[in-house]
Amino acid sequence: MNNVLAIVLTYNKKDLLKENIKCLLDQEYSDLKILVVDNKSTDGTRELIEELSDDERLNYVNTGDNLGGAGGFSYGIEYAIQNFQCDYLWIMDDDTMPLKSSLSELMVASDKLHGEFGYLSSQVVYTDGSLCNMNKQIVDKSWFESSKLLESGLLQIKKASFVSMLVKRQVVLEVGLPISDFFIWYDDTEYTARIAEKFPSFLVSKSKVLHKMKTNISLDITTDTADRLDRYRLAYRNYYYIARREGFKAKIRFYVYILKTIKRIIASDDKQKFRKIKIVLGSVIKGWSFHPKIKFIEIKR
């Protein structure tokens, strides 16, 4: 049996984290430890972990600051590699609720693939049972080359989210860490695409998790409220970085997307339309000079 370390990134969601931990401790697959990576929560998260600390499977580390999703996962993955002897890392947010069979189904898939994969991604459903719009995987164009695996519920993909992603330790050492400079937006897209470029990666349809988001509506600056607009200042910067790396056609698609976004904003009767356009254009301009470096882990001896 391969040992697995679940990495749960949390920030001020104590109640959801408590539910997540319970789901992880109830997994059918027994060789599992948990690492809670706390982005400096202020809601009593540390105290919650102290209350549960009698379970030796549960571990905790505080990043010391709010590093965003990208920085938190990068920090947590590096900490895990440096401090735990684990074969696999199972990555997720604090509002992810795995079913009892979620991990065991991932490991069954790992056995079917003889360990020859980059990452495995669970099917993510919303509280009403529908697929989560924010966590839909992107199918790899060469999926047909492994179409026989469809009978086992495996579909080759090229992009996924950090909501229930199982990645091999050796893969992390080879491809590096998520780009912490992204802070938020598209860090999981970039990282999973980077892995899938080197190693075949798969959606495991038999492994399902519940994602307790507030809403199942995809985030969109054209419809979002004024109090949430600042979060988009990094979105198009990060998106442009990914498009630039994928080549000329991807950059063309990016600019078409930007023009359509601005057109929708102009056509709306939103009082914040000029602020929204300024944010979009400013984020794109930042992307032109955004060249973050990928960090690789140096194992401490």
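Residues numbered from 1 in each chain as written. Predicted model: local features only at pLDDT ≥ 70, side-chain atom pairs only at ≥ 80, totals over all residues. Heavy atoms only, no water.

Trainee: I tried to follow the overall build of the protein chain on my own but got confused; where do I start?
Mentor: Looking only at helices and strands, one finds nine helices and ten strands in the protein chain. The C-alpha radius of gyration computed for the protein chain amounts to 19 Å, which stays within 12% of the reference 19 Å derived for 301 residues, consistent with globular compactness. By principal-axis analysis of the C-alpha atoms, the protein chain measures approximately 55 × 50 × 45 Å. Relative to its 301 residues, the protein chain shows a buried fraction of 50%. On the protein chain, roughly 15,100 Å² of surface is accessible, and the fraction owed to carbon and sulfur atoms is 52%. Across the protein chain, the centroid of the 45 positively charged side chains sits 8 Å from that of the 40 negatively charged ones. (Helix = DSSP H or I, 4+ residues; strand = E, 2+ residues; numbered from the N terminus. Rg over C-alpha atoms; globule rule 2.2 N^0.38 Å. Buried < 20%, exposed > 50% of the residue type's maximum accessible area, 1.4 Å probe, protein only. Areas by Shrake-Rupley, 256 points an atom, 1.4 Å probe, with all protein chains shown as cover. Lys, Arg positive; Asp, Glu negative; His and termini not counted. Charge placed at Lys NZ, Arg CZ, Asp CG, Glu CD.)

Trainee: It is not clear to me how the side chain of His 211 should be interpreted in this structure. Could you clarify?
Mentor: Counting through the fold element by element, His 211 comes out in strand β10 (residues 201-211). The buried category is assigned to His 211, whose relative accessible area is 5%. Polar side-chain contacts of His 211 include one of 2.7 Å to the side chain of Asn 135. Residues contacting His 211, with those up to four places away along its chain left out, are Asp 95, Thr 96, Val 124, Val 125, Tyr 126, Thr 127, Cys 132, Asn 135 and Val 163. (Polar contact = N/O pair within 3.5 Å; in protein donor to acceptor, adjacent residues only side chain to side chain. Contact = heavy atoms within 4.5 Å.)

Trainee: What exactly am I supposed to notice about the pattern of salt bridges here?
Mentor: As a working rule, side chains carrying opposite charge can pair if their charged atoms are close by. In total, this model carries 15 salt bridges according to the counting rule given. In this structure, the salt-bridge partner of Glu 190 is Arg 194, at a minimum N-O distance of 2.8 Å. A residue pair is termed a helical-turn pair when its members lie 3 or 4 positions apart in one helix, as Glu 190 and Arg 194 do in helix α6 (residues 187-198) at four residues. There is no split in this pair, since Glu 190 and Arg 194 are both buried. The partner of Arg 245 in a salt bridge is Glu 190, and the shortest N-O contact between them spans 2.6 Å. Taken together, the residues Arg 245 in helix α7 (residues 235-246) and Glu 190 in helix α6 connect sequence positions 55 residues apart. Because the salt bridges share partners, they merge into one network encompassing Glu 190, Arg 194, Glu 197 and Arg 245. (Salt bridge = Lys/Arg side-chain N within 4 Å of Asp/Glu carboxyl O.)

Trainee: Help me understand helix α3 (residues 68-83), please; the structure alone is not making it clear to me.
Mentor: Residues lying three or four places apart along an α-helix face the same way, a consequence of the helix completing one turn every 3.6 residues. Here α3 is 16 residues long and its end C-alpha atoms lie 22 Å apart, about the 22 Å a rise of 1.5 Å per residue gives. Within α3, burial applies to Gly 68, Ala 70, Gly 71, Gly 72, Phe 73, Ser 74, Gly 76, Ile 77, Glu 78, Ala 80 and Ile 81. Packed against the buried residues of α3 are β1 (4-10), β2 (32-38), β4 (88-93), α5 (169-175) and α6. (Expected span 1.5 Å × (residues − 1).)

Trainee: Can you help me understand the packing of aromatic side chains in this one?
Mentor: By convention here, two paired aromatic rings are described through the distance between centres and the angle between planes. In total, this model carries 18 aromatic pairs according to the counting rule given. A ring pair is formed by Phe 162 and Tyr 191, whose centres lie 6.0 Å apart and whose planes are at 65°; its orientation type is edge-to-face. A residue pair is termed long-range when its members are at least 10 positions apart, and Phe 162 in the loop between β8 (154-159) and β9 (165-168) and Tyr 191 in helix α6 qualify at 29 residues. Each member of the pair Phe 162 and Tyr 191 is classed as buried. The rings of Trp 185, Tyr 186, Tyr 232, Tyr 236, Tyr 239, Tyr 240, Phe 254, Tyr 255 and Tyr 257 are connected pair by pair, giving a single aromatic cluster. Above the plane of the ring of Phe 290 lies Arg 237, whose end atom (NZ or CZ) is 3.8 Å from the centre. (Phe/Tyr/Trp six-rings, centres within 6.5 Å; stacked < 30°, edge-to-face > 60°. Lys NZ or Arg CZ within 6 Å of the ring centre and 35° of its normal.)

Trainee: I keep staring at the nonpolar core and nothing clicks. Help me out?
Mentor: Across soluble globular proteins, you tend to see nonpolar side chains buried next to one another. The biggest cluster of nonpolar side chains holds 29 residues, and the ones touching the most others in it are Leu 89, Val 167 and Val 172. For this core, the secondary structure elements donating two or more residues are β1, β2, α3, β4, β9, α5 and α6. When residues of this core are assigned to their parent elements, the largest contribution, four residues, is made by α3. One finds Val 8, Ile 21, Ile 34 and Met 92 within the second-largest nonpolar core, a separate group that totals 27 residues. (Core = buried A, V, L, I, M, F, W, Y, C linked by side-chain atoms within 4.5 Å.)

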